[in-house]
Amino acid sequence: MTLRFFSVSRAFAALAALLVSSTAATADVILDDFTNPTPGAQFVIASLNANPYTITTNLAGGTVRTATFTVTSPTPAGPFSLLGVVGGGTVDMFLDSSSSGNAVISHAFGAPLDFSGIGGSTGAVRLSTQSSASVGNPNVAYSLSVLTATGTLSTTGSFANSAGFIDQDVAFTSLTGTGDLSQVTGISLTVNGQTADDFRLDQIALTTPPVQQVPAPPAVLLALAALPVFGLRRYFGRKA
């Protein structure tokens, strides 16, 4: 009879685990992790490379990434105005103590992607970044454009300073303009650095929202909680 009681308890635990509210893990679809090329391509504006400097990389699925780095001040650029790396796992942009500039990182997809099917209207573009704006500067600013078959959706913002890489989400709902998220042909990120700013980009991804499971009604939980009691009653009844 004791074994029968414990089987009821296990059934209660299993049912309760299924019905209690929980949050599923967030899933990401990686658009670019910047491992290509490996090792990364290093550049120095304007000691080794012209201003602006552009590097184009062919990625999987026919996607083409174009990264262009420009020193906007001083003019002409100094010998070490902007140092950077593209590939090997990151995109890096380091401006020296007298220079400012920007980076434009664009992806042209080999075939249109359905962003709306990844996260729907509550999804987001996830940017994994490490940003360090110099003392006295505002946070490193960005503009993000999502190119579609019927128009362009865009937004602006700034990256939070961080000692390591952190995820920063740009919600689909924050994008303005006209476009069809089910037919995305490309994406473009512009990073604007002030004097002596440092910036690193580790990954661009699409993130889907957590799936919220519906909590069990109170009456159901009360009924489940009563199962062991019912088991005991049957046990003692038979014993009597």
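Anything mentioned here points back to the structure above.
Since the structure is predicted, the reported quantities are computational estimates derived from the model, not experimental observations.

**Quick word on the packing of aromatic side chains**
1) Next: With the rule as written, the count across this model stands at 6 aromatic pairs.
2) Next: Measuring from centroid to centroid gives 4.7 Å for Phe 43 and Tyr 53, while their planes differ by 25 degrees, and the two rings are stacked. Placement of Phe 43 in strand β2 (residues 41-45) and of Tyr 53 in strand β3 (residues 53-58) is noted, with a sequence separation of 10 residues between them. Each member of the pair, Phe 43 together with Tyr 53, is buried.
3) Next: Ring centres 4.6 Å apart and planes at 35 degrees place the aromatic pair Tyr 142 and Phe 159 in the tilted group. Here the residue Tyr 142 occupies a position in strand β9 (residues 141-148), and Phe 159 occupies one in the loop between β10 (151-158) and β11 (166-171), the gap between them amounting to 17 residues. Accessibility classification places Tyr 142 together with Phe 159 in one group, the buried group.

**Quick word on the pairing of strand β5 (residues 82-87)**
1) Next: Judged by how many residues are buried, β5 sits mostly within the fold: 5 of 6 residues are covered.
2) Next: Two strands pair when backbone bridges link them, and β2 and β5 are joined in this way by 5 bridges, in the antiparallel orientation. When the bridges of β5 are listed, Val 44 appears paired with Leu 83.
3) Next: Bridge count for β5 against strand β6 (residues 90-95) is 6 bridges, and the pairing is antiparallel. When the bridges of β6 are listed, Gly 84 appears paired with Met 93.
4) Next: The loop that links β5 with its antiparallel partner β6 comprises 2 residues; one of these, Gly 88, has a positive phi angle of about 70 degrees.

**Digging into the pairing of strand β13 (residues 184-193)**
1) Next: Taking burial as the measure, the 10 residues of β13 include 8 buried ones, the bulk of the element.
2) Next: Judged from the 9 bridges that link them, strand β7 (residues 100-113) and β13 form a sheet pairing that is antiparallel. Its bridge partner lying in β13, Gly 101 is registered against Gly 193.
3) Next: Strand direction decides the pairing type here: β9 and β13, joined by 8 bridges, are antiparallel. Of the residues in β13, the one forming a bridge with Ser 145 is Ser 188.

**Brief notes about the nonpolar core**
1) Next: Counting residues in hydrophobic clusters, the biggest one holds 41 residues, and the most contacted among them are Phe 69, Phe 115 and Val 125.
2) Next: Not counting chain neighbours up to four residues away, the residues in contact with Phe 69 comprise Phe 43, Ile 45, Asn 51, Pro 52, Tyr 53, Leu 82, Val 86, Val 91, Asp 92, Met 93, Asn 102 and Ala 103.

**Some words on the environment of His 107**
1) Next: Looking at where His 107 falls in the secondary structure, it is placed in strand β7.
2) Next: Look at His 107 and you get buried, because its relative accessible area is 5%.
3) Next: Through-space distance from the C-alpha of His 107 to that of Val 64 is 5.6 Å; in sequence the pair is 43 residues apart.
4) Next: If we skip the residues at most four places from it in the chain, His 107 touches Asp 32, Phe 34, Leu 59, Thr 63, Val 64, Arg 65, Thr 185, Gly 186, Ile 187 and Ile 204.
5) Next: Of the polar contacts made by the side chain of His 107, one reaches the side chain of Asp 32; its length is 2.7 Å.

Rules of the game
Residues numbered from 1 in each chain as written. Predicted model: local features only at pLDDT ≥ 70, side-chain atom pairs only at ≥ 80, totals over all residues. Heavy atoms only, no water. Phe/Tyr/Trp six-rings, centres within 6.5 Å; stacked < 30°, edge-to-face > 60°. Helix = DSSP H or I, 4+ residues; strand = E, 2+ residues; numbered from the N terminus. Buried < 20%, exposed > 50% of the residue type's maximum accessible area, 1.4 Å probe, protein only. Pairing = 2+ DSSP bridges. Core = buried A, V, L, I, M, F, W, Y, C linked by side-chain atoms within 4.5 Å. Contact = heavy atoms within 4.5 Å. Polar contact = N/O pair within 3.5 Å; in protein donor to acceptor, adjacent residues only side chain to side chain.

Shape descriptors only; they carry no functional weight alone.
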